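Okay, here's what each chain looks like letter by letter:
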Amino acid sequence: MSKLPTLSIGNLKVNPPIIQGGMGVRISLSNLASAVANQGCVGVIATAGIGSQVTIPGKSYTELNKEALKNEIRNARKQTSGIIGVNIMTALTDYEMLARTAAEEGADIIISGAGLPLDLPQYVGNSDVKLIPIISSVRALKIICKKWQNSYNKTPDAVIIEGPAAGGHLGYKFEDVQDDKAMSLEDILAEVLPFTRSFTPEIPVIVAGGIFDGADIAHFLSLGASGVQMATRFVCTHECDADEEFKKAYINAGKEDITLIKSPVGMPGKVINSQFVKEIKTGKKVPFKCQYKCLKSCDYKEAPYCIAEVLLNAAVGKLDQGFAFAGSKVYKCNEIISVEELVNKIKDEYDQEIKRLG
């Protein structure tokens, strides 16, 4: 039996103490989330672009997203009795609707980043859903806590701190990540812990960004983290909802293939390099008619391409017309296995590291 400790989020007990990161535009849906939850971890459905392949005559994009989220949560519940979370970016135009829907459908956890989820408690009412903001600095967490306490008499049930090694959209300035000026995850954790420990009960801190194996978990738990969030490694599982070509892009990526783009969203994005990425970096524009108006921060009239469209293309295997978001350690992925095998590997890696450290 693994020596991994249990992560407690209110009355929820998570062992191994792993949250599967939400990967938007149809990478982590009910299939992956339920498989992860069945292993004792938190399985997470990502809402970004969730309704992009749903067709119901007469329904708006927002209505399609609502129906898709309801269906994914219900499908997950049919496959697991474990813990199901929903990741909702605050930058989404239908953020409030998605949060309300997740709570109404009985999601166990709502995880919210890509901005400060200042009014999230208002949208979930008296639901028992646990609320976890994603932040990249203690300053952001203090702002959230002050607002939640003053307006809703609520504190976060846990907090995820995301470092610059994470994949996808990053909560840092492009220049800081590009020039390696951003604080390390260890530094952010050291700043956050005194603040979270000032609460009674203290707020559990979950680290994310570059967490790849059991040794990484052992390292951050030893520094005071209560758990970890992992995304990249879960892509290379049979149950991941992405197309096989998307998974192969992870398997084939080398260390030199990780690069940054300036996303139309206004944030840096970490991706696997490709011919498409090279072209957009040189200023190529991909004309489009905005179908979604999905992000508050996207100026679709000026954007060189539709970020939702290129991510959806990648998710369904059209990597010549899109790109794959990925974390800095994607080059370590070398096989596609089941979620059960992956979690057992991580447990073994952790136990071996603990034994090595004595």
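Everything below is about the structure shown above.
Keep in mind the model is a prediction, meaning the values are calculated, not measured.

Draft legend 1. Looking closely at helix 12 (residues 307–315). Of all the 9 residues making up helix 12, 8 are buried; the element is thus mostly covered by neighbouring parts of the structure. Those residues of helix 12 that sit buried are Ile-307, Ala-308, Val-310, Leu-311, Leu-312, Asn-313, Ala-314 and Ala-315. The elements touched by buried residues of helix 12 are strand 9 (168–169), helix 10 (244–252) and helix 11 (275–281). Gly-317 sits one or two residues past helix 12 and shows a positive phi near 100°.

Draft legend 2. Representation of the sheet that holds strand 12 (residues 258–262) within the structure. The strand order 9-13-12 describes an open sheet built from 3 strands, whose pairing is antiparallel. Sheet topology places strand 9 and strand 12 at the edges, where each strand pairs with a single neighbour. Pairing geometry for strand 12 and strand 13 (residues 268–272), over 5 bridges, is antiparallel. Residue pairing across strands places Ile-258 opposite Ile-272, the latter belonging to strand 13.

Draft legend 3. Geometry of the nonpolar core. Ranked by internal contacts, the top residues of the largest apolar core, which has 95 residues, are Ile-217, Phe-234 and Tyr-250. Ranked by size, the runner-up nonpolar core spans 16 residues in total, among them Ile-9, Val-14, Ile-19 and Ile-83.

Draft legend 4. Broad picture of the pattern of salt bridges. According to the stated counting rule, one finds 13 salt bridges in the structure shown. With a shortest N-O distance of 3.0 Å, Arg-100 and Glu-96 are connected by a salt bridge. With Arg-100 and Glu-96 both in helix 3 (residues 95–104) and 4 residues apart, this pair spans about one turn of that helix. According to the relative accessible area criterion, Glu-96 is partly exposed, its value standing at 35%.

Draft legend 5. Quick look at the packing of aromatic side chains. Throughout the structure, instances matching the rule amount to 5 aromatic pairs. With 6.1 Å between their ring centres and 75° between their planes, Tyr-95 and Tyr-123 make a pair best called edge-to-face. Here Tyr-95 is found in helix 3, whereas its partner Tyr-123 is found in helix 4 (residues 120–124), with 28 residues between them in sequence. For Tyr-95, a relative accessible area of 6% translates into the label buried. A relative accessible area of 14% places Tyr-123 in the buried class. When the ring of Phe-276 is compared with that of Phe-323, the centres are 6.2 Å apart and the planes differ by 50°; the resulting orientation is tilted. With Phe-276 in helix 11 and Phe-323 in the loop between helix 12 and helix 13 (339–357), this residue pair connects regions lying 47 residues apart in the sequence. This pair shows no difference in class: Phe-276 is buried, exactly as Phe-323 is.

Draft legend 6. Looking closely at the pairing of strand 8 (residues 159–162). Here strand 8 shows a buried face lined by Val-159 and Ile-161 and a second buried face lined by Ile-160 and Glu-162. Sheet topology places strand 7 (residues 130–135) next to strand 8; 2 bridges connect them, and they run parallel. Each bridged residue has a counterpart across the sheet, and for Ile-135 the counterpart in strand 8 is Ile-161. Pairing geometry for strand 8 and strand 10 (residues 205–208), over 4 bridges, is parallel. Residue Glu-162 lies in a different strand from strand 10, and its bridge partner there is Ala-208.

Draft legend 7. The arrangement of the environment of Gly-214 in detail. As for its position among the elements, Gly-214 is in helix 8 (residues 214–222). Taking the C-alpha atoms as reference points, Gly-214 and Cys-145, separated by 69 residues in sequence, lie 31 Å from one another. If we skip the residues at most four places from it in the chain, Gly-214 touches Ile-346, Glu-349 and Tyr-350.

Draft legend 8. Region of interest: the side chain of Asn-87. Along the polypeptide, Asn-87 turns up in strand 5 (residues 83–87). Its relative accessible area of 10% is what places Asn-87 among the buried residues. If near-sequence neighbours (up to four positions away) are discounted, Asn-87 is found in contact with Gly-22, Val-44, Ile-45, Ala-46, Thr-47, Ile-111 and Ile-134.

Draft legend 9. Region of interest: the packing of helix 1 (residues 30–37) against helix 2 (residues 61–79). Interhelical geometry of helix 1 versus helix 2 gives an angle of 35° and a closest axis separation of 9 Å. Crossing handedness for the pair helix 1 and helix 2: right-handed. Listed contacts from helix 2 to Ser-30, Asn-31 and Ser-34 of helix 1 are Glu-72, Asn-75, Ala-76 and Gln-79. Across the contact of helix 1 with helix 2, the residue classes tally to 1 nonpolar, 5 polar and 1 charged.

Thresholds applied
- Residues numbered from 1 in each chain as written.
- Predicted model: local features only at pLDDT ≥ 70, side-chain atom pairs only at ≥ 80, totals over all residues.
- Heavy atoms only, no water.
- Buried < 20%, exposed > 50% of the residue type's maximum accessible area, 1.4 Å probe, protein only.
- Helix = DSSP H or I, 4+ residues; strand = E, 2+ residues; numbered from the N terminus.
- Contact = heavy atoms within 4.5 Å.
- Pairing = 2+ DSSP bridges.
- Core = buried A, V, L, I, M, F, W, Y, C linked by side-chain atoms within 4.5 Å.
- Salt bridge = Lys/Arg side-chain N within 4 Å of Asp/Glu carboxyl O.
- Phe/Tyr/Trp six-rings, centres within 6.5 Å; stacked < 30°, edge-to-face > 60°.
- Axes fitted to C-alpha atoms, helices over the stretch in contact; angles between N-to-C directions.
- Left-handed = near helix turned anticlockwise from the far one by under 90°.
- Nonpolar A, V, L, I, M, F, W, Y, C, P; charged D, E, K, R; others polar.

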